[in-house]
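Residue-level structural notes
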Amino acid sequence: SPTFRKDKLHRCNLLLSGDACVYVSRSTKTTKYTYVRLNDLKVGSVVNVYGVVVFFKQPFRSRGTDFCSSLKITDQSNQKISCTIFCDKVDSHPKIFQIGDIVRMHRFKAQFFKDTIMLVNTFGFSVMAFDGAVGGAMEPRTSSRTYHFDQDDQRAVEELRLWAANQGLLPLVPTTPLSAVQPKTYFNLTCQLLAKAPVDSTCTLLRVWDGTRCPRSLLKVIVEPNVTEGPSSLSSAKENLIANVLVYDNHVEFARQLKLGAFLRIYNLRAIPGSSKVPGLTSSQSEEVDHLAFHLHGGTAYGRGIRLLPENSPDVQELKRVIEAFEEDEDKVPELNDSEMLDVWCTPPESLGMRTDFVLMRDSNVCCLCSERSCSHNIQPVTLSELKRSEPGRDHHVRVQLRSYEPLRLHQALKLYCSKCETMQDVPDDELVAELFSEASRYSGPCTPPQWALSGQVSLMSEGKSKELIFLMGATLEETCRLADGYQNIVPVRPSGGHLALLDLSAPFLFRGRKRYYGCKQCSEAALTEVSAEGVQVIDEKVIAEALGVQLLQFVLLMKLKLQDATDTLDVFLWRDAELFFNVSAEDVAADQEAQSSICHTVESLCPAEGSTGMSVFNTHTHTHTIIFSVGVC
DNA sequence: TTAGGGTTCG
């Protein structure tokens, strides 16, 4: 089509009939982009530029329909240029982490505003960001599936880094640890989110930490436990490190979307000494005077905002090291050293049997929905130290407190289990899956779909197609998910050796609504064959997995709990009966927010608040190498 | 279209 732009990706719906077949080729010829210096912008021209960020605002919701980012950049010409980006997709905005980051901007229009020239994005724009440190990672931060980045780009980034370093543009301390926060100052904080709670419609509480201890006592904000997302109580050592951050107004929406365990950078956070009134408090906070409160005021002045930092960013890696060091220190258990525990944590469960491990089940007394347990409840409780000395193969009751649990981030408790080879693995994160989709769509070539497959157009939001199976090629993860909203069964495929094949099995082989299904790499012998709907009411994941030669992986929950009584502590694993214990299915947990919240509530209700004498009774049954607990509450 | 850097209601 003449309306297609060369070297651009175009998306279109194709309606094919009969044996019609369409090949869409992508040019491998690369365009040479030209970049202009910031002192050479002509009003009205659309340009590509490189620059060092000297000021930025994270994307914020504008009064229009888009998010808006605001930057000021400079380059070797020393000209400082303001840039505005409007885009409804936050992901398309520049991912700026700190002053001194480098950006590459394509298709920005130079225009006049208040007697000065500035840049605004135009149709087809793209933005990339890079670490600004000399010798830093060259990996571009971009959401683009396909992007152009060659040696010239690398050189441009390196040159800007050197220049910026000589100009002293990189801040010496981009963020301040809690241990160095001064009262009455504004600072940037890199931290992990442990819990959050809405305070009122204009204010949300974020409980964060960075593993360092603020020498000043911190404001203790108490909100109703039932509105808190995340653990309502933590060990006192950990509690002392937690900063309560109150975020207001426009930041509330962003805060609401944050997931527990996320790594954040909060910009322009204000440390306020002394008492301050906090809405919705249930304790007499105002009497406390010598404490620091942290406020993220409303508005975007001075770049106020919050950004989610990716796990692989160097700052997050460093933060994790500090946090882990603290946790290791706190978690020292005499009978098991940390590396041993870590081994277990990362070891498939079949080898857990080689150790004295414990699996918890929830007792019928706790929750009426649970089935009756076979153990009897007139067994006298034993202490943990007695239990540890006992021979395997016996039933026990123990009266203990649940001191802590891991992982704090629920999604890490969710694992994929292969019943055939009995191995367990983490659920691949979206970033990895998206990359697999993107990889699969990059390889094109002649491809003959099997005779039984019909090619054609699909429209979104089709209902009642429970017997339909769609093989989808060349779509992104996002597109696949969107399509899965309307279709029951979607199998992503890629061309391979002239035929259709499944994607790498690290990616889900099947999407059914919000649910994703994975196959075992080791045990599957995947081949694309026709799935017969005959004799079945609904084509479900089992039918499809079997037809495709995929060994279906099962969602399971794995948690580590630390039990404590007056005599000892005991680390126990909750695995085989985790679903019964929580009264949710792991598969639902993978796709359903409500199931996730239900687990949080259960764990929190069993983890007694600091100083409480609340006790739980755990009934245990030991056999060979595993002790099974059945839990009741007294 | 929106914003167009420049501290707060809390």
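Data block above holds the structure.
Everything in this summary refers to the structure shown in the same document. (Residues numbered from 1 in each chain as written. Chains lettered and ligands numbered in written order. Predicted model: local features only at pLDDT ≥ 70, side-chain atom pairs only at ≥ 80, totals over all residues. Heavy atoms only, no water.)

1. A look at the overall build of chain A
Regarding its fold elements, chain A presents twelve helices and 26 strands. The contacts of chain A with a sequence gap of at least 6 include a subset with a gap of at least 24, amounting to 67%. Total accessible area on chain A is roughly 32,300 Å²; 50% of this is exposed by carbon and sulfur atoms. (Helix = DSSP H or I, 4+ residues; strand = E, 2+ residues; numbered from the N terminus. Contact = heavy atoms within 4.5 Å. Areas by Shrake-Rupley, 256 points an atom, 1.4 Å probe, with all protein chains shown as cover.)

2. Description of the sheet that holds strand E22 (residues 554–557)
Ordered in space as E16-E15-E22, the three strands form an open sheet in which the pairing is antiparallel. Each having just a single partner strand, strand E16 (424–426) and E22 make up the two edges of the open sheet. The average undirected angle you get between the axes of adjacent strands in this sheet is 45°. Note that strand E15 (residues 414–417) and E22 share four bridges and pair antiparallel. Note that in E22 the partner of Lys415 across the bridge is Val556. (Pairing = 2+ DSSP bridges. Axes fitted to C-alpha atoms, helices over the stretch in contact; angles between N-to-C directions.)

3. So, the sheet that holds strand E1 (residues 46–61)
Backbone hydrogen bonds hold the strands of a sheet together, and the pairing may be parallel or antiparallel. Spatially, the five strands close up into a barrel ordered E1-E2-E3-E5-E4, and their pairing is mixed. The average undirected angle you get between the axes of adjacent strands in this sheet is 50°. Pairing of strand E4 (residues 102–113) with strand E5 (residues 116–130), which is carried by eleven bridges, proceeds in the antiparallel orientation. Paired with Ala110 across the two strands is Leu119, which belongs to E5.

4. Topic: helix H7 (residues 430–442)
Note that an α-helix has 3.6 residues per turn; residues three or four places apart therefore point the same way. Compared with an ideal rise of 1.5 Å per residue, which puts 13 residues at 18 Å, H7 spans 18 Å between its outermost C-alpha atoms and is within 8% of the ideal. Among all positions of H7, only Val433, Leu436, Phe437, Ser438, Ala440 and Ser441 are buried. (Expected span 1.5 Å × (residues − 1). Buried < 20%, exposed > 50% of the residue type's maximum accessible area, 1.4 Å probe, protein only.)

5. Considerations on empty space enclosed by the protein
Taken as a whole and judged by the stated rule, the model has two cavities of 30 Å³ or more. The calculated volume of the largest cavity comes to roughly 80 Å³. Around the largest cavity, the lining residues are Gly230, Pro231, Tyr405, Pro407, Leu408, Leu410, Met559, Ile599, Cys600, Val603 and Glu604. Looking at which element gives the most residues to the lining of the largest cavity, the answer is helix H12 (residues 593–606), with four residues. Here the residues of the lining of the largest cavity are counted per class, giving nine nonpolar, one polar and one charged. As for the second largest cavity, its lining consists of Phe437, Ala440, Ser441, Leu472, Met473, Gly474, Ala475, Thr480, Pro492, Val493 and Leu503. Its residues placed into classes, the lining of the second largest cavity shows eight nonpolar, three polar and no charged. (1 Å grid on protein atoms, 1.4 Å probe; cavity = no way out; pocket = protein on both sides within 12 Å on 5 of 7 lines; lining within 4 Å. Points joined across faces, edges and corners; volume = space filled by probe spheres on them. Nonpolar A, V, L, I, M, F, W, Y, C, P; charged D, E, K, R; others polar.)

6. Brief notes about unusual backbone geometry
Between Glu406 and the following residue, Pro407, the backbone shows a cis peptide bond with an omega angle of -5°. Tracing the backbone through its elements, the reader meets Pro407 in the loop between strand E14 (395–406) and E15. Although it is not a glycine, Lys184 sits at a positive phi angle of roughly 60°. For Asn583, which is not glycine, the phi dihedral falls at a positive 60°. By secondary structure assignment, the location of Asn583 is in the loop between helix H10 (578–582) and helix H11 (586–591). Relative accessible area serves as the criterion here: at 35%, Asn583 is assigned to the partly exposed category.

7. Some points on helix H1 (residues 151–167)
Here H1 spans 24 Å end to end across 17 residues, near enough to the 24 Å set by a 1.5 Å rise per residue. Restricting attention to buried positions, one finds in H1 the residues Asp153, Ala156, Val157, Leu160, Arg161, Trp163 and Ala164. Of the surrounding elements, those touching the buried residues of H1 are E1, strand E2 (67–74), E4 and E5. The distance from a side-chain oxygen at the start of H1 to the backbone nitrogen of Asp152 is 2.9 Å, and the residue carrying that oxygen is Asp150. (Polar contact = N/O pair within 3.5 Å; in protein donor to acceptor, adjacent residues only side chain to side chain.)

8. Digging into the pattern of salt bridges
Two side chains that carry opposite charge are able to pair once their charged atoms sit near each other. In this structure the tally under the stated criterion is 25 salt bridges. With its nearest N and O atoms 2.8 Å apart, the salt bridge here joins Arg265 to Asp315. One end of the pair, Arg265, is in strand E9 (residues 263–273); the other, Asp315, is in helix H4 (residues 314–330), and 50 residues separate them in sequence. Residue classification places Asp315 among the partly exposed positions, given a relative accessible area of 29%. Residue Lys515 pairs with Asp588 through a salt bridge whose shortest N-O separation is 3.2 Å. One end of the pair, Lys515, is in strand E21 (residues 515–517); the other, Asp588, is in helix H11, with 73 residues separating them in the sequence. Residues joined in a network through salt bridges with shared partners are Lys32, Asp150, Asp152 and Arg155. (Salt bridge = Lys/Arg side-chain N within 4 Å of Asp/Glu carboxyl O.)

9. Considering the side chain of Thr228
By secondary structure assignment, the location of Thr228 is in the loop between strand E7 (203–209) and helix H2 (236–239). Classification of Thr228 by relative accessible area gives buried; the value is 10%. Setting aside anything within four residues of it in sequence, one finds Thr228 in contact with Ala195, Lys196, Ala197, Val223 and Glu604.

Shape descriptors only; they carry no functional weight alone.
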